[in-house]
Amino acid sequence: MQKVVISGTGLFTPPHAVTNQQLVAAFNEYVHRYNEANRARIDAGEVEPLAESSSEFIEKASGIKQRYLMDAEGVLDPERMAPNLPERPDEVLSLQAEMAVHAAREALERAGRSPDDIDMVIVACSNLQRAYPAVSIEVQQALGIHGFAFDMNVACSSATFGIQTAVNAIQTGQARAVLMVNPEICSAHLNFRDRDSHFIFGDACTAMVLERADAAVSGDAFEILGCRLATVFSNNIRNNFGFLNRCDPSGIGAPDKLFVQQGRKVFKEVCPMVGEHIVSHLEASGIAPDDVSRFWLHQANLAMNHLIAKRVLGREASAEEAPVILDRYANTSSAGSIIAFHLYHADMKPGQIGVISSFGAGYSVGSVVVRRV
């Protein structure tokens, strides 16, 4: 089997940073207007008044302090509360492809590679802006890459599942090198009028170059020692938006056409699932948890990450062992663990081991064990 390395990563950060305070101000103004407009029905007991949000509530519930958005003005408008992202002509590079190209160019540069060196492109993310043609093929064309490309979606675990797919292609000789990108516009599927979730997501795009170890020229490579994937069906995280919606107009615009979750159930069920997954993966790889220097975990909820790391290590993890980017980027779905890896790997020494892990809707969980070359 050919050894495979991650030879470069890239990150695109959107231009608009939005703090909890800004988000709360817009949300509470919406709540005030709603309650005033429905005062008679509220007083009659026909509808419940909406409750305000607060920065303290958000940070305590999630660990999030801000997020980056592709558009802030529409989100912070109490009359709209959704990003304003105008459709582009078909002849113009799509928004997701544009984000992907930005991140991909950095990943290629860090890997010391050109588009001619890449044989395969994967766009792996939780939401794709259209059904076809594949966004990955648009990215392939924009970068001038030959070979083939395809999109895939395993929600928040898309990146780790994409890594496994890339490893398989390289080891079987289908590709010399693979570009895997994760353009996440999570703000577009977030209900900013829902108090329990209006703060959860941010936007971002990550990219990764994977290639044969014996051909890599990067001085910043990580050998992939193994990948492990698992899925268990659950409705506790769901988004019912899709092409069949128009076939039943009664559901158009309903809350379930955006992100919905049963947060407490997710916490209770996913944390032990992920902890056991990582522990068993390390055990099967002959690696003791204490021999792992870094855990780049999915960035959805700070308490979840603390609990998972404690389950794996048998103790609290330090900030160095399990770095957090959630406070700045919020939940960026599949991009989160890759952002953490991108920003917090440079200090690792040759031979040190780390684990990239993602988890989320599906349920899905993926873990990738890597070693600094």
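Note that the structure is a prediction, hence the values are computed from the model and not measured.

Some remarks on the nonpolar core
Inference 1: The biggest cluster of nonpolar side chains holds 45 residues, and the ones touching the most others in it are I278, L282 and F295.
Inference 2: For this core, the elements supplying multiple residues, two or more each, are helix 1 (20-37), helix 7 (263-284), strand 11 (292-297), helix 8 (302-313), strand 12 (353-360) and strand 13 (364-372).
Inference 3: For this core, the leading source of residues is helix 7, giving seven residues.
Inference 4: When sequence neighbours within four positions are dropped, the list of residues in contact with F295 reads I278, P289, V312, L313, E321, A322, P323 and V355.
Inference 5: Among the nonpolar cores identified, the runner-up in size contains 37 residues, and A166, I170, L210 and A335 belong to it.

Notes on the UniProt feature "domain: Beta-ketoacyl-[acyl-carrier-protein] synthase III C-terminal" (unreviewed entry) in the protein
Inference 1: Mapped onto the present numbering, the UniProt feature "domain: Beta-ketoacyl-[acyl-carrier-protein] synthase III C-terminal" (unreviewed entry) falls on residues 282-371.
Inference 2: As annotated, residues 282-371 has a helix share of 30% and a strand share of 24%, and its two end C-alpha atoms lie 13 Å apart.

Topic: the pattern of salt bridges
Inference 1: Enumeration over the complete set of coordinates arrives at 22 salt bridges.
Inference 2: Where salt bridges share partners, they join E29, R33 and E79 into one cluster.

Looking at the state of the cysteines
Inference 1: The final tally for this structure, using the stated rule, is zero disulfides.
Inference 2: Of all cysteine sulfurs in the structure, the one in C186 sits closest to C156, which takes part in no disulfide; the separation is 7.1 Å.

Topic: the side chain of H345
Inference 1: Here H345 shows up in the loop between helix 10 (336-343) and strand 12.
Inference 2: Here H342 takes part through its backbone oxygen, which lies 3.4 Å from a polar atom of the side chain of H345.
Inference 3: Ignoring any residue separated from it by four or fewer positions in sequence, one finds H345 in contact with T9, R110, D220, F222, R294, W296 and R372.

Considering the packing of helix 4 (residues 95-111) against helix 5 (residues 135-143)
Inference 1: Put simply, helix 4 and helix 5 touch, their axes get as near as 9 Å, and they point 50° apart. Judged on the interaxial angle alone, helix 5 and helix 4 are oblique. Between helix 4 and helix 5 the crossing geometry is right-handed. Contacts between helix 4 and helix 5 pair Q96, A97, A100, V101, A104 and R105 from the former with V135, E138, V139, A142 and L143 from the latter.

Remarks on the sheet that holds strand 7 (residues 203-212)
Inference 1: The strand order across the open sheet formed by nine strands is 5-4-6-7-1-8-13-12-11, and the pairing between neighbours is mixed. Edge positions in the sheet fall to strand 5 (148-152) and strand 11, since each has one partner strand and no second. Each strand axis lies, on average, 25° off the axis of its neighbour in the sheet, ignoring direction.

Side note on the packing of helix 1 against helix 3 (residues 55-62)
Inference 1: The geometry of helix 1 relative to helix 3 is characterised by a closest axis approach of 9 Å and an angle of 120° between their N-to-C directions. On the basis of their axis angle, the class for helix 1 and helix 3 is oblique. Remark: the crossing between helix 1 and helix 3 carries right-handed chirality. Residues N20, Q21 and V24 of helix 1 touch helix 3, and the partners they reach there are S55, I58 and E59.
Inference 2: Classifying every residue of the contact of helix 1 with helix 3 by side-chain character gives two nonpolar, three polar and one charged.

Procedures and definitions
- Counting restarts for each chain: residues are numbered from 1 in the order of the written sequence.
- Totals for whole chains, interfaces and linings use every residue, but because this is a predicted model, local features are given only for residues with pLDDT of at least 70 and side-chain atom pairs only at 80 or more, for both listing and counting.
- Only heavy atoms go into the side-chain values, all of them from the structure, while hydrogens and water stay out.
- Throughout, nonpolar core names a set of buried Ala, Val, Leu, Ile, Met, Phe, Trp, Tyr and Cys residues whose side chains join them through atoms within 4.5 Å.
- Relative accessibility under 20% of the residue-type maximum defines a buried residue, over 50% an exposed one, and the middle range a partly exposed one, all with a 1.4 Å probe and only protein chains included.
- Working definition: helices are DSSP H or I runs of at least four residues, strands are E runs of at least two. Numbering for both runs from the N terminus.
- Only heavy atoms matter for contacts: two residues are in contact if any of them lie within 4.5 Å across the pair.
- UniProt positions are given in the numbering used here, feature names are shortened, and annotations may be inferred rather than shown by experiment.
- A carboxyl oxygen of Asp or Glu within 4 Å of a side-chain nitrogen of Lys or Arg is what we treat as a salt bridge.
- Two cysteine sulfurs form a disulfide in these notes if their separation is within 2.5 Å.
- What qualifies as a polar contact is a pair of N or O atoms within 3.5 Å, subject to a donor-acceptor requirement within protein and to the restriction that residues adjacent in sequence count only when both atoms come from side chains.
- Angles here are taken between N-to-C directions and fall from 0 to 180 degrees, while the axes themselves are lines fitted to C-alpha atoms, restricted in helices to the stretch in contact.
- Orientation categories follow fixed angle ranges, with anything under 35 degrees roughly parallel, anything over 145 roughly antiparallel, 65 to 115 roughly perpendicular, and all other angles oblique.
- Crossings are assigned a handedness: left-handed for a near helix turned anticlockwise from the far helix by less than a right angle, right-handed for a clockwise turn.
- Strand pairing is assigned whenever DSSP identifies at least 2 bridges connecting the two strands.
- When residues are grouped by polarity, Ala, Val, Leu, Ile, Met, Phe, Trp, Tyr, Cys and Pro land in nonpolar, Asp, Glu, Lys and Arg in charged, and all others, Gly among them, in polar.

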